[in-house]
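Breakdown of the fold
The chain contents come next:
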Amino acid sequence: MKRVRFRDTAGNVRGGRWTVEDGEPVVTAAAGPYGRIAFGDESYAPDEVDILPPCEPTKVVCIGRNYADHAEEMDSELPDRPMLFLKAPNAVASHGKHLTMPSGKQRIDYEAELGVVIGEQCKNVSESGAMDVVAGYTCVNDISNRDDQRQEQNWVRGKAFDNACPIGPLVATPEHVPEDASIELRLNGETKQSSSREHLIFSVPELIAEITSYMTLEPGDVIATGTPEGVGPMEDGDEVEVEIEGIGTLKHSVKIP
């Protein structure tokens, strides 16, 4: 199943399924979102409603340097355990929006990532039981303000500013997303990142086990699993697309004052 949150034409927040004729939701870069969004006996074309973030996380737990090629391009060593940092709810933004970035910065980067959406409250989860707490997967852009990130250790200014974590457009249950699912980011239609989740240094079960040994995860929390090589700066007015096989395409644009 693939679920979407949206605000309907009457202004009500709803949760529904995004489907096409064969029963599978589709959001593609070429055609944009199409099919129908269904809630109860009602259905809508995607452009008739306001697409919302597909979950409401109390926190987004992000993983640094979880692809060897990205660590290399950043001239960083590979970590011996998952490198964790947090984004707060204020950072969460949704599909299809024009997102305002911090002003006066020299470099604000895109980072395409597979997002893991947690389905139940959990603590001290084993690797073998990790997938039992996963509601599904979504697309994430871990937007990074490099100016401030380079000047601090906790990365609050660099990673947790407003609109720093667009996610969506939907949550796909795990059976829809292959173990070698492709991950791609396009900037103004040009491919900048292209990889696969099979290149993760630490797998999803490993990440869940490590994170929950330190903190409780709540339903709707998101783990952003790290970005592959090819990160780079965005400019005012740029259009960004993060496409992950089995999920679809998260799209947004940026305003950089």
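Quick caveat: nothing in here was measured; it's all calculated off a predicted structure.

When strand β17 (residues 182-187) meets strand β18 (residues 190-196), the two strands line up antiparallel, connected through 6 bridges. Bridge assignment links Arg186 to a residue of β18, and that residue is Thr191. Connecting the antiparallel pair β17 and β18 is a turn made up of 2 residues, with Asn188 showing a positive phi of about 55 degrees. Here 5 bridges tie β17 to strand β21 (residues 239-244), and the two strands are oriented antiparallel to one another. Its bridge partner lying in β21, Arg186 is registered against Glu241.

Taken in spatial order, the 3 strands make up an open sheet running β15-β12-β20, and their pairing is antiparallel. In this open sheet, the two edge strands, each paired with only one partner strand, are β15 (144-145) and β20 (232-233). Bridge count between strand β12 (residues 108-110) and β20: 2 bridges; the pairing is antiparallel. When the sheet's bridge partners are listed, Tyr110 is paired in β20 with Gly232.

We now examine the UniProt feature "domain: Fumarylacetoacetase-like C-terminal" (unreviewed entry) in the protein. Feature annotation in UniProt assigns "domain: Fumarylacetoacetase-like C-terminal" (unreviewed entry) to the following positions: residues 59-254. As annotated, residues 59-254 comprises 12% helix and 38% strand, and the C-alpha atoms at either end are separated by 23 Å.

Time to look at the pattern of salt bridges. Under the counting rule described, the total for this entry stands at 18 salt bridges. Asp221 is paired through a salt bridge with Lys59; the nearest N and O atoms lie 2.7 Å apart. On the criterion of sequence distance, the pair formed by Asp221 in the loop between α4 (204-212) and β19 (222-224) and Lys59 in the loop between β7 (50-51) and β8 (60-64) is long-range, its members being 162 residues apart. Residue Asp221 shares its accessibility class with Lys59, and that shared class is buried. Here the salt bridges do not stand alone but share partners, grouping Lys87, Arg107, Asp109, Glu111, Asp142, Arg146 and Lys159 into one network.

With mixed pairing, the 5 strands of this open sheet are ordered in space as β11-β22-β21-β17-β18. Two strands lie at the open edges of the sheet, namely β11 (98-100) and β18, each paired on one side alone. Each adjacent strand pair in this sheet contributes to an overall mean axis angle of 25 degrees, direction not counted.

Within a regular strand, the side chains alternate between the two sheet faces. Most of strand β14 (residues 134-141) sits inside the fold, with 7 of its 8 residues counted as buried. For strand β13 (residues 112-118) and β14, the ladder comprises 7 bridges, and the chain directions are antiparallel. Residue pairing for β14: Ala112 is matched across the bridge by Asn141. With 3 bridges connecting them, β14 and strand β16 (residues 165-172) associate as antiparallel partners. Paired with Cys139 across the strands is Gly168, a residue of β16.

With that settled, consider α4. Restricting attention to buried positions, one finds in α4 the residues Val204, Leu207, Ile208, Ala209, Ile211 and Thr212. Tucked inside the fold, the buried residues of α4 contact β8, β9 (83-87), β13, β14 and β19.

Grouped together as the largest cluster of nonpolar side chains are 66 residues, with contacts concentrated most on Met101, Ile208, Ile223, Met234, Val242, Ile244 and Ile247. Split by domain, the residues of this core number at least three in each of domain 1 (1-49) and domain 2 (58-253). In this structure Met101 touches Ile108, Ile143, Phe161, Asn163, Met234, Val254, Lys255, Ile256 and Pro257, once residues within four positions along its chain are discounted.

Rules of the game
- Along each chain, numbering runs from 1 in the same order as the chain's sequence is written.
- Local features in a predicted model are, by the rule used here, given only for residues with pLDDT of at least 70; side-chain atom pairs are given and counted only at 80 or more, and totals for whole chains, interfaces and linings are based on all residues.
- For side-chain calculations, the full set of non-hydrogen atoms in the structure is used, while hydrogens and water are omitted.
- At least two bridges found by DSSP between two strands is the condition for calling them paired.
- We count a stretch as a helix when DSSP gives it H or I for four or more residues in a row; a strand needs E for two or more, and each element gets its number in order from the N terminus.
- UniProt positions are given in the numbering used here, feature names are shortened, and annotations may be inferred rather than shown by experiment.
- A side-chain nitrogen of Lys or Arg and a carboxyl oxygen of Asp or Glu constitute a salt bridge if their distance falls within 4 Å.
- Each residue is placed in one exposure class: buried if its accessible area under a 1.4 Å probe, protein chains only, is under 20% of its type's maximum, exposed if it is over 50%, and partly exposed if it falls in between.
- The axes are straight lines fitted to the C-alpha atoms, using for helices just the contacting stretch, and the angles between their N-to-C directions are given from 0 to 180°.
- Residue contacts are counted whenever heavy atoms from the two residues lie within 4.5 Å of one another.
- Definition of nonpolar core: a set of buried residues of the types Ala, Val, Leu, Ile, Met, Phe, Trp, Tyr and Cys, connected through side-chain atoms within 4.5 Å.
- A domain assignment, automatic or from a database, supplies the domain bounds used here.

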